[in-house]
Amino acid sequence: MDDTEESPMQHREVDIAIIGAGSAGLSAWHAARKHSDSVVLIEGGEYGTTCARVGCMPSKLLIAAAEAAHQARDAGGFGIRVSGVEVDGRAVMARVREERDGFVGRVFTSMKRIPEEDRLTGHARFEDPHTLIVGEHTRVTARAVVIATGSRPTWPSMFDAAGDRLVTNDAVFEWEDLPESVAVFGPGVIGLELGQALHRLGVRLRMFGVGGALGPFQDEVVRDYADRTFSEEFSVDPDAKVESIERDGDAVVITFVERDSGETLTERFDYLLAATGRRTNVDRLGLENAGLALDDKGVPRFNRFTLQCLGEGDDPGHIFIAGDANQALPLLHEANSEGRIAGDNAGRFPELRAGRRNVPLAIVFTEPQMATVGEGHAELEKRLGGCDCLAVGEASFEDQGRAVVMRRNRGLMRLYGEHGSGEFLGAELFGPRVEHMAHLLAWALEQKLSVSEMLAMPWYHPVLEEGLRGGLRDLNANLQQGPAITERCMECGPGD
Ligand SMILES: Cc1cc2nc3c(=O)[nH]c(=O)nc-3n(C[C@H](O)[C@H](O)[C@H](O)COP(=O)(O)OP(=O)(O)OC[C@H]3O[C@@H](n4cnc5c(N)ncnc54)[C@H](O)[C@@H]3O)c2cc1C
Ligand SMILES: NC(=O)c1ccc[n+]([C@@H]2O[C@H](COP(=O)([O-])OP(=O)(O)OC[C@H]3O[C@@H](n4cnc5c(N)ncnc54)[C@H](O)[C@@H]3O)[C@@H](O)[C@H]2O)c1
């Protein structure tokens, strides 16, 4: 064959095709294989998953280094003198990359359990509802398809002026050294995690947001408290007025109105880090050929329990969607569980099983940490606020005993319950190590416990969870199911 001749298109006929070898796709593959040996997993980008390569794991590695620096600087508060805390940016980034490579390596090792003939490399797109074209080299015909294509960062076009100094989380963990300065756009989950870590590692930082949003919080009381806390540590403006973004030599030059002074300032930064949200990768799938009903954002409409997509006439069909691709709950544990449900149903199609879904749980690894459990405050207000059915309890960590002991006594939680039934509904937490309390609350919500039942559980002393007990007691009092809190709990330990 001469060089100009195109190689012929290969043809594969399979039971199930899974598009995307990320966390959702890998779970889907394992679940589907329980039903059939004829399953292909198609990957168009890099293997290793977003979580391990550029997401959950490297971000937590950077945060861990930042925490070490912060604790060393804070040791003086305990009477421990640590002199000359120095951040070796190269060493920090080397550890981040090395450990990150370890996590990615473990994904590769588990990928090896998937036979090579079941893996296809190349970008997939629909030719018709049952046919995929993969990398222009293979046509795959499948009885059922799972879309598990994940998401990618998105930003407004005004950032493009920063040229190659515009970066996202995809680039940060490849840095050989820490930069001198970064302008972070988007005080959401990624922006706050990475921004605070960079600041604690000595990077000069400003963070710009729009419309006042901050982290995952919907409850204004918690959001305002978190805003005040972060603002004391580094420059963050959740409702920034940015006048221009320009490139000058190697610098990104940003002109903005400074929050506190109201002055217009122009500052130079090494990088503009865009953390302004993520968009689903379904836009490059040729969905117009798949016969699916799409929502106003172009995402297939689907059933949350079966992960089955609806067809154009709203008839459910043979295509399933899992993980960040469906934009519902872009979190790792949800990608895993959706992948499992979608793969299982693709395998048993046309028979289907409704998968078990967990209550919403999200944790952000800032310091103090942020967490949300259950339905968001806005949804609860909409559903229950009008009939006065929603009760709120509150507790501060400022005088919480264990938090004081640890010099981590900053934070506020708001807890929600239903009048009448006394059931616990959800919470927004901002405080020390609330990752653990968020789990306790999510488990209580799964069990449909009432606030009184939660309070009847054991509470050790002195632990941070006693702060949670304070919040639950306040909620119970507001539900008129317990005594009003006029003073500290008499039967509790000091600083409960
Ligand atoms: C910085 C950061 C930090 C995060 N931290 C956390 C955290 O602490 N906790 C948490 O729960 N979540 C976290 N997340 C979110 C979590 O990483 C994602 O929810 C999860 O990785 C999504 O998995 P997925 O399988 O849907 O997508 P992915 O792992 O992205 O997999 C999708 C795959 O599909 C491939 N693909 C796309 N289109 C095609 C196509 N047309 N053909 C073939 N292949 C295709 C892609 O190349 C990719 O490999 C974080 C995310 C980021 C970015
Ligand atoms: N710890 C975790 O679980 C974790 C960590 C990181 C990411 N994630 C997942 O990744 C998803 C995406 O994270 P994200 O931080 O990109 O999205 P996000 O939606 O949490 O935050 C985006 C932020 O950017 C702001 N924004 C939008 N346009 C802007 C503009 N032009 N200028 C300035 N700010 C602007 C928004 O108001 C918002 O605050 C999260 O929703 C989460 O599901 C989870």
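Here is what the cut-offs are and how they apply
- Sequence order as written defines residue numbering, which begins from 1 separately in each chain.
- Both sets of labels track the order of writing: A upward for chains, 1 upward for ligands.
- For this predicted model, a pLDDT threshold of at least 70 governs which residues receive local features, and a threshold of 80 or more governs which side-chain atom pairs are given and counted, while totals over whole chains, interfaces and linings are taken from all residues.
- As a convention, hydrogens and water are excluded, and side-chain values are obtained from all of the structure's heavy atoms.
- The domain boundaries here were taken from an automatic or database domain assignment.
- Note on terminology: near, applied to a residue and a molecule or strand, indicates that one of the residue's heavy atoms is within 4 Å of it.
- By the criterion applied in these results, polar contacts are pairs of N or O atoms within 3.5 Å in which, for protein atoms, one can donate a hydrogen and the other can accept it, and in which residues neighboring in sequence qualify only through two side-chain atoms.
- Accessible areas in this description were obtained via Shrake-Rupley with a 1.4 Å probe; residue shielding takes into account the shown protein chains only.
- A run of DSSP states H or I qualifies as a helix once it reaches four residues; a run of E qualifies as a strand once it reaches two. Both are numbered from the N-terminal end.
- Put simply, Ala, Val, Leu, Ile, Met, Phe, Trp, Tyr, Cys and Pro go in the nonpolar bin, Asp, Glu, Lys and Arg in the charged bin, and everything else, Gly too, in the polar bin.
- When DSSP finds two or more bridges between two strands, those strands count as paired.
- Axes here mean lines fitted to C-alpha atoms, for a helix over just the part in contact, with angles spanning 0 to 180 degrees between N-to-C directions.

Looking at an unreviewed UniProt entry, the chain carries the name Dihydrolipoamide dehydrogenase, with the source organism given as Halomonas campaniensis.

S.K.: Outline the domain arrangement of the chain, listing residues and values.
M.R.: Annotation of the chain at the domain level lists domain 1 (10-45 + 122-153 + 279-348), domain 2 (157-276) and domain 3 (361-491). Relative placement of domain 1 and domain 2: their C-alpha centres are 35 Å apart.

S.K.: Describe in detail the site of ligand 1, supporting the description with residues and values.
M.R.: Close contacts around ligand 1 come from 35 residues, with Ala24, Glu43, Thr50, Lys60 and Asp324 the closest. In this structure, an oxygen atom belonging to ligand 1 sits 3.3 Å away from a main-chain N or O atom of Pro330. At 2.9 Å, a backbone N or O of Leu332 approaches an oxygen atom of ligand 1. Protein coverage of the free-state accessible area of ligand 1, which is 1,000 Å², stands at 90%. Mapped by element, the contributors of at least two residues to the shell around ligand 1 are α1 (23-33), β2 (39-43), α2 (50-53), α3 (56-74) and α8 (332-348). Taken together, the residues of the shell around ligand 1 break down into 15 nonpolar, 15 polar and five charged.

S.K.: Please set out the sheet that holds strand β13 (residues 251-257) residue by residue, giving values where relevant.
M.R.: The three strands lie next to each other as β12-β13-β14, forming an open sheet whose pairing is antiparallel. Two strands lie at the open edges of the sheet, namely β12 (241-248) and β14 (264-269), each paired on one side alone. Neighbour-to-neighbour, the strand axes of the sheet open up by a mean angle of 20°, direction not taken into account. Judged from the six bridges that link them, β13 and β14 form a sheet pairing that is antiparallel. Directly across from Ile254, in β14, lies its bridge partner Glu267.

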